[in-house]
Amino acid sequence: MKEGSESLNFLEHIIEEDLKSGLAKNHLRFRFPPEPNGYLHIGHAASICLNFGLGEGHEAPVNLRFDDTNPIKEEQEFVDSIKHNIEWLGFKWAKECYTSDYFQQLYDWAVELIKNGKAYVDGQSPELIAEQKGTPTSPGKPSPHRDRPIEENLEIFEKMKNGEFPAGSYVLRAKIDMASPNMLMRDPLMYRILNKAHHRTANDWCIYPMYDWAHGQSDYLEQITHSLCTLEFKSHRELYDWFLDQIYDETKIRPKQREFARRNLSYTVMSKRKLLELVQSKTVAGWDDPRMPTISGLRRRGYTPESIRKFSELSGISKRDSVTDVSLLEYAIREDLNKRATRAMAVIDPVKLVITNYPDGKTEILEAENNPEMENSGSHEVPFSRELYIEKEDFKEDAGSKYFRLTIGKEVRLKNAYIIKGESIVKDAQGNIAEIHCTADLDSRSGSGTEASMRKVKGTLHWVSIQHAVKAEVREYDRLFLDEAPDSHGDKSFMEFVNPESLKITKEAYVEPFLQKAQLEDKFQFQRVGYFTLDQDATADHLIFNKTVGLKDSWAKAQTKEQTQVQQQKPKEGTGRSAINEVQKISKKYTNLSGNKLETARANIIKLAEDVQYEELEPLFGTAKKKVGTRIGATIALGVLLKKGLEKNEAINAFIQAGLEDDNELLVEEAKHIA
RNA sequence: UGCCCGAUGGUGUAACUGGCAACACGUCUGUUUUUGGUACAGAAGAGUCUAGGUUCGAGCCCUAGUCGGGCAACCA
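Calculation rules
- Residues numbered from 1 in each chain as written.
- Chains lettered and ligands numbered in written order.
- Predicted model: local features only at pLDDT ≥ 70, side-chain atom pairs only at ≥ 80, totals over all residues.
- Heavy atoms only, no water.
- Helix = DSSP H or I, 4+ residues; strand = E, 2+ residues; numbered from the N terminus.
- Buried < 20%, exposed > 50% of the residue type's maximum accessible area, 1.4 Å probe, protein only.
- Expected span 1.5 Å × (residues − 1).
- Arc of directions from axis to C-beta.
- Polar contact = N/O pair within 3.5 Å; in protein donor to acceptor, adjacent residues only side chain to side chain.
- Axes fitted to C-alpha atoms, helices over the stretch in contact; angles between N-to-C directions.
- Parallel < 35°, antiparallel > 145°, perpendicular 65-115°, else oblique.
- Left-handed = near helix turned anticlockwise from the far one by under 90°.
- Contact = heavy atoms within 4.5 Å.
- Pairing = 2+ DSSP bridges.

## Some details on unusual backbone geometry
Not every positive phi belongs to a glycine, and E59 is a case in point at roughly 50°. Structurally, the position occupied by E59 is in the loop between α2 (42-58) and β2 (62-66). E59 sits in the exposed class, given a relative accessible area of 70%. A positive phi angle, close to 45°, is found at D187, a residue other than glycine. Topologically, D187 is positioned in the loop between β5 (171-174) and β6 (189-193).

Written out as structure tokens, the structure reads:
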């Protein structure tokens, strides 16, 4: 992971430091700790790639640990789906662990804490406990049970464990500091009573540990060296360390928690709650709807594991909150699919094309390259005949000179076939184009080696033979939200930004017969259109293709730009950087320069100063003393203005005087020039 | 109001113990091309949040401020 790039992210720096200061490389160990209460999404993928990537980079084991301390929300179904997703991404965990495996140990340690006077049983209501916690600005009040005798604590705690109390009646609390500025340190809960069967321990337990009490201890039990989590756990670190202090044995590895920013993707939402809302409101068809940022959704959409890993790598890792543009994700998948997708032809929005000089009833079998980007990828057969479908948008009655596609009187090539020339059109009663008639240069068949076949024509079109085409359903997806950060508007729900046109279904698209054999997970490029994959709902006689992502389309871009340019042309005055700004820019580094570079910089400032107005220059007189460069630049520029006949005023004199008195020789020198 | 983080081109990340701000995506040009794709070549785009300070020299160190985020679940 780190070879090839010397630049490390801040977590890798920390690991490097630890290694340098004595941590044995073979002790390195990481973990990915999902709670099995939902499906994994692209944000989790960042964490997965981070932890497993670190493991791969350092040849260190990475545990998969299900943080299953809340039986109310967690289910086996999620465990299975998470495991599938991680495997699909191509990562192998060292051990499959469950926090629930440590329930006994956790309990024993809790008893230990009670005996040491570090924990106590509280029987107050949640409301009361919350109230006593105080607020971030005011200290909390101790619980009346804070000093309950140890024996009594032990007795009640055991009864809690034995199921002698109803859910919610008692909790075990750590005895830390009710006045701590960190709210989490104000006697946090360690255990609560939950009368709910657990997906793994069934009814063995009716008390369950809280996250803070379980997580660090689990890391410790597994001897994880670096426990990486997202930023919102930062303030938990103090507690994490406090709990570890209570049980830590110096001969063992002491895990450290470090935090990184979670990854957001533009034009989507990422929280489990919001994703669930999309599913429940039927905005999408399910968790694996191809528009969902879930791993299973991306997979169904046609994303490859490689592309997701690449995306994670490109996105990087840091501590500031950010929104990564989807274009980076799209780049990652296009790059991968360009190399591996089999090329095929499909017409999604068809119009009939008749080659008038091609014999009726004749069929030719032509050859189509499977993948020009991959050697030895072979070719497949594609049938050609007199009547074809082409894409509606590939023909225009009156086209400009920049339109390379079919129009009357102009030649284009049919991919893998002949060069044709538009002759005439047939319209229906409503005036829509029903048929396009053209003639083919019958000597120009692709691959025939004739001179005609080598001719260069500007445009190439994809097509299917009507007689041979296979009908298919095509599902095209657009971003799910119209807003870049739909959940960033405090006053509005993210649901208000749902894109009503995020799914476009074409029931009658036509694909070449070769695609009849498409299998799930096969990757195709429909030439000139985009990358597609078979949907899981497809059957042998009902093909369904999902569009993963379109090809880059500089033609479409030019079109939309042309439109927006017309509107935007007006407010395009005063372009370019002003002279004074240039002067400032050059000046800033002035004192770092020497020799020729210094000379050039000075000459440039003098030249630029010709276009500088005094009104622009005067504000620079107030430049901080330490910004000598800027003051020198201003002095030089001032010299130019004075030479042009500017009268000295009070501000100018004061500025020159300050320059003369400065410790910087260059500045003094320039000031002398104009004094 | 308390505590804790963060701030670098449009976006995401770099910049080793201070030394002319780099890479990728995106944008724009051009070349090649039987995909208006790919590939290749190139360009534009950043006073590193602000103000002071330390230093020969600050994105980096110090101080104060501004803005953004997190923290008061018997969730994780």
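From this point, things continue past the structure.
## Considerations on helix α12 (residues 326-340)
Under the 1.5 Å per step criterion, the end-to-end length of α12 is 21 Å for 15 residues, consistent within 8% with the ideal 21 Å. All of the buried residues along α12 are V326, L329, A332, I333, D336 and L337. Along α12, the residues classed as buried sweep out an arc of 125° about the axis, all on the same side. Measuring from the side-chain oxygen of the N-cap residue of α12 to the backbone nitrogen of S327 gives 2.9 Å; that N-cap residue is D325.

## Comments concerning the packing of helix α1 (residues 10-20) against α2
Where α1 contacts α2, the two axes come as close as 12 Å, and the packing angle between them is 40°. Relative to α2, the element α1 lies oblique. The crossing of α1 and α2 is right-handed. Along the contact surface, α1 presents L11, E12, I15, E16 and L19, while α2 presents L50, L54 and H58.

## Brief notes about the pairing of strand β25 (residues 523-526)
Burial along β25 is two-sided: the face carrying K523 and Q525 and the face carrying F524 and F526 are both buried. Pairing analysis gives three bridges linking strand β12 (residues 342-344) to β25, with the strands arranged parallel. If you follow R343 over to β25, its bridge partner there is Q525. Two elements, β25 and strand β26 (residues 530-534), share four bridges in a ladder whose sense is antiparallel. By the bridge assignment for β26, K523 is matched with T533. Taking the residues between adjacent antiparallel strands as the criterion, β25 and β26 are bridged by three residues, where R528 takes a positive phi near 65°.

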